[in-house]
Amino acid sequence: MTDVEKREAAVPAPAGWDYAPAPEARDIVQLRERYGLFVGGQWLEPTDTYTTISPATEEPLAEIAQASADEVTEAVAAARVAFEDGWSGLPGSERAKYLFRIARILQERAREFAVLESLNGGKPIKESRDVDVPLAAAHFFYYAGWADKLEYAFPNRNPRPLGVAGQIIPWNFPLLMLAWKIAPALAAGNTVVLKPAETTPLSALLFCDVLRQAELPAGVVNIVTGDGRTGAALVESEVDKIAFTGSTDVGKAIQRQLAGRPVKLTLELGGKAANVIFDDAALDQAVEGIVNGIYFNQGHVCCAGSRLFVQESVTDDVIRKLKRRMGTLRVGDPLDKNTDVGAINSRQQLEKIQELVESGREEGAEIYQPPCRLPEKGYWFAPTVFTEVAQSYRIAQEEIFGPVLSVLTFRTPEEALEKANNTPYGLSAGVWTEKGSRILWMAERLRAGVVWANTYNRFDPASPFGGYKESGFGREGGRHGLEPYLRFE
């Protein structure tokens, strides 16, 4: 039998995988040079403006209105007129039609919103496209279904709308936080004055065009832009409800300002979530959960799993697998479909991250950052993990709000629980184990509003979200998210 001559491969096997650029086109988004205030269904010319930029390139995008206290008062008055002149008395089935329209329009314009979210916020386009925009539309669909069923949601309580809701949202999820706030407020029969974050106002301003398409009555939703002064003016105005998502310090200031006033309040504030890995967990699956928990959206997530607790017997394996996985993360252009970690939202936030990371080095923690080339322009920070971390270190106690993970160890479930709860925050946590009984035992005792089991950062419009302690109070999402927008007779 003759020998068969082996043919050489035409193309040699690659030593590594390099991703060619796959940028999403920007031309689907048409930005104005200057935006005013959306009040009473019309655009009002502002008295003052500032410039919003792209954090990835520091490129100016548009001039944005800086609303004054008088302009905020005008927006609240427009919302009050809309509430009293028909919206509050509209049957729930009719309000639902508007919410369904908004949800469908968001789906139709999903690519446009995804590009704008990444352009103005710095997050990877695949996250905007696959998470933010679909979830925003899902919240409007969900609360559209509740609009004509409030009596069934709260039987024998005679639910009634509050009036005008003032809503202040953060810069990490501009469109999704808008949906979390506006959808339940409208479903309950309230009108809204919403202030987006100073650095990411463009999604909310584009949303005004969605309201026009949906033919929402004038004044039902009003958008005022600006910095903290605008938010303070909204808190001080004649509203019936304040909903705030943001930092704990600002949340405390709002609570002090509203003390003694008949204004309902919900606060969704900071977090320092514990992600707990037991020795019987599926480690490869857990590593994916760790990466999703802290490096998703550059760590700009209030419920980010920024404290990783690993059982001692598997610590070395988890760290080795985690470092190998971190080496595959691609940092760069948020509009590139291959990017895993985008730009830090602002120079101010980047400086805060750098300061806390430096404190971790000085206190003695061991730092690891995978090799990666950061762009020269814009605000960037490499994915970071600290080991040899003590509970007392600032990086284990303070919210960093960036792609920085602190690793600690434990021996027993009791020790893991004690360490996980050793924080002023109480927003979320994760548990990784194959034992259902251990999941239930931990979930019952963790002082966190949301506990994920063998997953992380999973959200659903039907599931309530919120925290304990300095992470705030009140819930958003689900039937629970309607109650803060209702009074009962």
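Our subject in this report is the structure included herewith.

Thresholds, definitions, all that
- Residues numbered from 1 in each chain as written.
- Predicted model: local features only at pLDDT ≥ 70, side-chain atom pairs only at ≥ 80, totals over all residues.
- Heavy atoms only, no water.
- Helix = DSSP H or I, 4+ residues; strand = E, 2+ residues; numbered from the N terminus.
- Rg over C-alpha atoms; globule rule 2.2 N^0.38 Å.
- Buried < 20%, exposed > 50% of the residue type's maximum accessible area, 1.4 Å probe, protein only.
- Contact = heavy atoms within 4.5 Å.
- Areas by Shrake-Rupley, 256 points an atom, 1.4 Å probe, with all protein chains shown as cover.
- Lys, Arg positive; Asp, Glu negative; His and termini not counted.
- Charge placed at Lys NZ, Arg CZ, Asp CG, Glu CD.
- Polar contact = N/O pair within 3.5 Å; in protein donor to acceptor, adjacent residues only side chain to side chain.
- 1 Å grid on protein atoms, 1.4 Å probe; cavity = no way out; pocket = protein on both sides within 12 Å on 5 of 7 lines; lining within 4 Å.
- Points joined across faces, edges and corners; volume = space filled by probe spheres on them.
- Expected span 1.5 Å × (residues − 1).
- Nonpolar A, V, L, I, M, F, W, Y, C, P; charged D, E, K, R; others polar.
- Salt bridge = Lys/Arg side-chain N within 4 Å of Asp/Glu carboxyl O.
- Core = buried A, V, L, I, M, F, W, Y, C linked by side-chain atoms within 4.5 Å.
- Pairing = 2+ DSSP bridges.
- Axes fitted to C-alpha atoms, helices over the stretch in contact; angles between N-to-C directions.
- Right-handed = clockwise from strand over helix to strand, strands pointing away.
- Parallel < 35°, antiparallel > 145°, perpendicular 65-115°, else oblique.
- Left-handed = near helix turned anticlockwise from the far one by under 90°.

### Some words on the overall build of the chain
No. 1: Counting its regular elements, the chain contains 15 helices and 21 strands.
No. 2: At 24 Å, the chain has a C-alpha radius of gyration in line with the 23 Å of a compact globule built from 489 residues.
No. 3: For the chain, the C-alpha atoms occupy an extent of roughly 90 × 55 × 55 Å along the three principal directions.
No. 4: For the chain, buried positions account for 57% of its 489 residues.
No. 5: Taking the intrachain contacts of the chain between residues at least 6 apart in sequence as the baseline, contacts between residues at least 24 apart amount to 75%.
No. 6: For the chain, the exposed area adds up to about 20,800 Å²; of that, 49% sits on carbon and sulfur atoms.
No. 7: Separation between the mean location of the 53 positive side-chain charges and that of the 65 negative ones in the chain comes to 4 Å.

### As for the side chain of Asp280
No. 1: If you trace the backbone, Asp280 turns up in the loop between β11 (274–277) and α10 (283–295).
No. 2: Here the side chain of Asp280 touches Glu434 through a polar contact of 3.3 Å, landing on its backbone nitrogen.
No. 3: A polar side-chain atom of Asp280 sits 3.3 Å from a polar atom in the side chain of Lys435.

### Focus: the layout of surface pockets
No. 1: Space inside the second largest pocket adds up to approximately 290 Å³.
No. 2: Lining the second largest pocket are 16 residues, with Arg330, Val331, Gly332, Asp333 and Thr339 sitting closest to its centre.

### Here's the deal with the environment of Glu236
No. 1: Along the polypeptide, Glu236 turns up in helix α8 (residues 228–236).
No. 2: The spatial distance from the C-alpha of Glu236 to the C-alpha of Ile254 is 9.1 Å, given a sequence separation of 18 residues.

### Quick notes on α10
An α-helical segment advances 3.6 residues per turn. Residues three or four places apart therefore align on the same side.
No. 1: Over its 13 residues, α10 runs 18 Å from end to end, which matches the ideal 18 Å to within 8%, given 1.5 Å per residue.
No. 2: Along α10, the residues classified as buried are Leu283, Ala286, Val287, Gly289, Ile290, Val291, Gly293, Ile294 and Tyr295.
No. 3: Contacts made by the buried residues of α10 are with β11, β12 (307–311), α11 (315–326), β14 (384–387), β15 (404–410) and β17 (428–432).
No. 4: Of the residues one or two after α10, Asn297 is the one with positive phi, at around 55°.

### Focus on the environment of Leu265
No. 1: Position of Leu265 among the secondary structure elements: in strand β10 (residues 264–268).
No. 2: Here the alpha-carbon distance between Leu265 and Ala448, two residues 183 residues apart in the chain, equals 20 Å.

### Topic: empty space enclosed by the protein
No. 1: In total, this model carries four cavities of 30 Å³ or more according to the counting rule given.
No. 2: Listed by contribution, the elements that provide at least two residues to the lining of the largest cavity are β16 (425–426) and β17.
No. 3: Looking at the lining of the largest cavity, its residues break down into eight nonpolar, four polar and four charged.
No. 4: What the second largest cavity holds in volume is close to 60 Å³.
No. 5: As for the second largest cavity, its lining consists of Gly271, Ile294, Gly299, Val301, Cys302, Ala304, Ser306, Glu399, Ile400, Phe401, Gly402 and Val404.
No. 6: Here the lining of the second largest cavity is built from residues that sort into seven nonpolar, four polar and one charged.

### A few points about the pattern of salt bridges
No. 1: Tallied over the full model, the rule gives 30 salt bridges.
No. 2: Here Asp209 ties to Arg109 by a salt bridge, and the two come within 2.8 Å at their closest N and O atoms. Of the two residues, Asp209 is situated in helix α7 (residues 202–214) and Arg109 in the loop between α2 (92–108) and α3 (110–121); the sequence distance between them amounts to 100 residues.
No. 3: Between Asp132 and Lys123 there is a salt bridge, with its nearest N and O atoms 2.4 Å apart. Each member of the pair Asp132 and Lys123 is classed as buried.
No. 4: Salt bridges linked by common partners bring Arg109, Glu112, Asp209 and Arg212 together as one network.

### Some thoughts on the nonpolar core
No. 1: By size, the foremost hydrophobic cluster in this structure holds 107 residues, and its most contacted members are Leu106, Phe140 and Ile277.
No. 2: Take this core: its biggest share by element is 11 residues, from helix α6 (residues 174–187).
No. 3: Discounting chain neighbours no more than four positions away, the residues touching Phe140 are Leu99, Ile102, Ala103, Leu106, Leu178, Ala179, Ile182, Ala183 and Phe207.

### A short note on the sheet that holds strand β13 (residues 366–368)
No. 1: With mixed pairing, seven strands are arranged side by side in an open sheet as β13-β14-β15-β12-β11-β17-β18. Only two strands of the sheet have a single partner each, and these edge strands are β13 and β18 (450–453). With strand direction ignored, the average angle separating the axes of adjacent strands in the sheet is 20°.
No. 2: The strands touched by α11 are β11, β12, β13, β14 and β15; relative to β12, the strand with the most contacts, the crossing angle is about 135°.

### Some words on the pairing of strand β6 (residues 164–168)
No. 1: For β6, the buried fraction is high: five of the five residues fall into the buried class.
No. 2: Judged by which residues are buried, β6 turns out to be covered on both faces: Val164, Gly166 and Ile168 on one side and Ala165 and Gln167 on the other are all buried.
No. 3: The sheet contact formed by β6 and strand β7 (residues 191–195) spans five bridges and is parallel. Looking at β7, one finds that Val164 is bridged to Thr191.
No. 4: Traced from β6 through α6 to β7, the parallel crossover comes out right-handed.
No. 5: Note that β6 and strand β9 (residues 241–245) share four bridges and pair parallel.

### Some thoughts on the packing of α10 against α11
No. 1: At a closest axis distance of 10 Å, the pairing of α10 and α11 adopts a crossing angle of 55°. The orientation of α10 relative to α11 falls into the category oblique. You can see that α10 and α11 cross each other, and the crossing is right-handed. Residues Leu283, Asp284, Val287, Glu288, Ile290, Val291 and Tyr295 of α10 form the contact with α11, whose participating residues are Asp317, Val318, Lys321, Leu322, Arg325 and Met326.
No. 2: In terms of residue class, the contact of α10 with α11 is built from eight nonpolar, no polar and five charged.

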